[in-house]
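Structure assessment
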Amino acid sequence: MCRWKPLPLPVPLENSVPELSEILFISDLHLHQSQPGITENFLNFIETRARRARVLYILGDLFEVWLGDDDPAQEYSRVLDALHHLSLSTELYFMHGNRDFLVGEQLARRVNLTLLEDPTVFQLGSAQVALMHGDLLCSDDVDYQNFRKLVRDPEWQQNFLAKPLTERQAIANALREKSGAEMQHKKNAIMDVNPQTVEQTMKNLNVDILIHGHTHRPGIQPLAENKQRITLGDWHPEPSYLSWNNGEFTLVDSRVV
Ligand code: LP5
Ligand code: MN
C-alpha cells in the first residue's frame, strides 16, 4: 500500500526576488569515490544553482550505497558538509532510493534536511504534485519488489544495522554483484515503470504531476487529462536536474533534446 503525507508548501520568503522562488529536484547521482567527476559537479551545483534556489528536493539514490548513519563514510564528508552549509539558505528534502534507504534521522540532523515518505504529495502553484523515487512504479520487476519488501521491513533493518560495518559492506558488495548480474538478463521494459501502475498511482494520489527518478530515463511525458510524468535523470557526470520557476518546469539534462 502506498503511504504518503502532505507536505506543506514552503512559506514564501519575505521580499523574495524571482530567483529565490526556484525549486530544484534531483535524484540518482549515485555518489561514489569511483566517480569523482560527479562529486565535483555536485559540489559546484550546490554552490551555484542550488544556493540560489528556495528548495532542493533529493529524490533518492544520492549515494551509491548507504550502510547506516554510523558509517563514518569519509568519502562523503565534503558533500555532507556542503549540504549542511546549503541548508542555511535553501530548504533540503530527501527521499530514500533503493541504494540509500538506510539514511536515517542521524544523517538528517547532521545535514539539516527533512526526510520524506515515498510517495509525498504537495501543492505546487495550481497543481497537485507527487514525488516518488520511482522503484515502486517498476511493478513488473517482481524479484526486485520482493527484495524491496524485505529490506524496507523495520525489523530487517534493525537486524542489518546491528551487524558490524564490515559485514554490512560485504553483504552490500555481494548484493551489488548479484543485482548487476541479474540486470543483464532482465528485459529493458521490466526495469522501466509500468504505465498502468503510474496511472493508478496518480489516480489514487489525486495528482496532476508525478516526479520521480530511478529509471535513469529522463523526460517529460504528457499523459491523458493534461497530466504529466516527469522522470529525472542520473548524473553522467554532468548535472541533471528539474527546475520549477515562475510556474514552469524545465528539465536540464544534456541527453534530453
Ligand atoms: O539501483 P539500480 O538501478 O542499480 O538497480 C535496481 C535494483 N537493484 C537494487 C540493488 C542495488 O543495486 C545494490 C546496492 C544496494 C545497497 C543497499 C545497501 C543496504 C544493503 C542491503 C543488503 C541486503 O536495488 C534492481 C532492479 C533495477 O533497479 C531496476 O528497477 O532490477 O533489482 C535487482 O536486481 C534485485 C534482484 O532482482 C533481487 C535480488 C535479491 C537478492 C536477495 C538476497 C539478499 C541478501 C544479499 C546477500 C548476498
Ligand atoms: Mn534507484
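Summary of the structure given here. This one's a predicted model, so the numbers in the text were calculated from it and none came from an experiment.

**As for the overall build of the protein**
- Secondary structure summary: the protein contains seven helices and eleven strands in total.
- Computed over the C-alpha atoms, the radius of gyration of the protein is 18 Å, within 12% of the 18 Å expected from 2.2 N^0.38 for a compact globule of 257 residues.
- Counting only C-alpha atoms and orienting by the principal axes, one finds that the protein spans roughly 50 × 40 × 35 Å.
- The buried share of the protein, reckoned over its 257 residues, is 49%.
- Restricting the contact set of the protein to residue pairs at least 6 apart, pairs at least 24 apart contribute 69%.
- For the protein, the exposed surface amounts to about 13,200 Å²; the carbon and sulfur share of it is 51%.
- Charged side chains of the protein number 24 positive and 35 negative; the gap between the two group centres comes to 2 Å.

**Digging into the pattern of salt bridges**
- Throughout the structure, instances matching the rule amount to 16 salt bridges.
- A salt bridge links glutamate 64 to arginine 176; the shortest N-O distance between them is 3.0 Å. Of this pair, glutamate 64 sits in the loop between strand E2 (55-58) and helix H2 (77-86) while arginine 176 sits in helix H6 (residues 165-185), placing them 112 residues apart in sequence.
- The exposure class of glutamate 64 is buried, given its relative accessible area of 13%.
- With a relative accessible area of 31%, arginine 176 lands in the partly exposed category.
- Across the salt bridge formed by glutamate 225 and lysine 227, the nearest N and O atoms sit 3.9 Å from each other.

**Quick notes on unusual backbone geometry**
- Cis rather than trans, the peptide bond between aspartate 118 and proline 119 has omega equal to 5°.
- Note on placement: proline 119 falls in the loop between strand E4 (114-116) and strand E5 (120-124).
- Geometrically, the link from histidine 236 to proline 237 is a cis peptide bond, its omega value of -5° lying close to zero.
- Relative to the assigned elements, proline 237 resides in the loop between strand E9 (228-231) and strand E10 (241-245).

**Side note on the coordination of the manganese ion (ligand 2)**
- The protein atoms donating to the manganese ion (ligand 2) are Asp61 (OD), Asn98 (OD1), His133 (NE2) and His214 (ND1), with metal-donor distances spanning 2.0 to 2.3 Å.
- Each donor residue of the manganese ion (ligand 2) lies on the same chain, and together they follow the pattern D-x36-N-x34-H-x80-H. Taken together, the residues aspartate 61 in the loop between E2 and H2 and histidine 133 in the loop between strand E6 (127-132) and helix H4 (142-151) connect sequence positions 72 residues apart. When sorted by exposure, aspartate 61 lands in the same class as histidine 133, which is buried.

**Some thoughts on the site of ligand 1**
- As a structural note, the neighbourhood of ligand 1 is formed by 23 residues, with Asn98, Arg99, Asp141, Glu182 and Lys186 the closest of them.
- For ligand 1, an oxygen atom lies 2.6 Å from a polar atom in the side chain of aspartate 141.
- Here histidine 214 contributes a side-chain N or O atom positioned 2.9 Å from an oxygen atom of ligand 1.
- Surface burial for ligand 1 is 85%, taken as the share of its 1,100 Å² of free accessible area covered by protein chains.
- Listing elements by their share of the shell around ligand 1, those giving two or more residues are H4, helix H5 (154-161) and H6.
- Per element, the largest residue contribution to the shell around ligand 1 is eight residues, and it comes from H6.
- Tallied by class, the residues present in the shell around ligand 1 amount to 13 nonpolar, three polar and seven charged.

**So, the environment of histidine 236**
- Summarising the element assignment, histidine 236 is placed in the loop between E9 and E10.
- Residue classification places histidine 236 among the partly exposed positions, given a relative accessible area of 21%.
- Through-space distance from the C-alpha of histidine 236 to that of glutamate 155 is 35 Å; in sequence the pair is 81 residues apart.
- Setting aside anything within four residues of it in sequence, one finds histidine 236 in contact with Asp253, Ser254 and Arg255.
- A distance of 3.0 Å separates polar atoms of two side chains, one belonging to histidine 236 and the other to glutamate 238.
- Reaching out from histidine 236, the side chain makes a polar contact with the side chain of aspartate 253 at a distance of 3.4 Å.

Definitions and limits used
Residues numbered from 1 in each chain as written. Chains lettered and ligands numbered in written order. Predicted model: local features only at pLDDT ≥ 70, side-chain atom pairs only at ≥ 80, totals over all residues. Heavy atoms only, no water. Helix = DSSP H or I, 4+ residues; strand = E, 2+ residues; numbered from the N terminus. Rg over C-alpha atoms; globule rule 2.2 N^0.38 Å. Buried < 20%, exposed > 50% of the residue type's maximum accessible area, 1.4 Å probe, protein only. Contact = heavy atoms within 4.5 Å. Areas by Shrake-Rupley, 256 points an atom, 1.4 Å probe, with all protein chains shown as cover. Lys, Arg positive; Asp, Glu negative; His and termini not counted. Charge placed at Lys NZ, Arg CZ, Asp CG, Glu CD. Salt bridge = Lys/Arg side-chain N within 4 Å of Asp/Glu carboxyl O. Donors = N, O, S within 2.8 Å, 3.2 Å for Na, K, Ca; no water. Near = heavy atom within 4 Å. Polar contact = N/O pair within 3.5 Å; in protein donor to acceptor, adjacent residues only side chain to side chain. Nonpolar A, V, L, I, M, F, W, Y, C, P; charged D, E, K, R; others polar.

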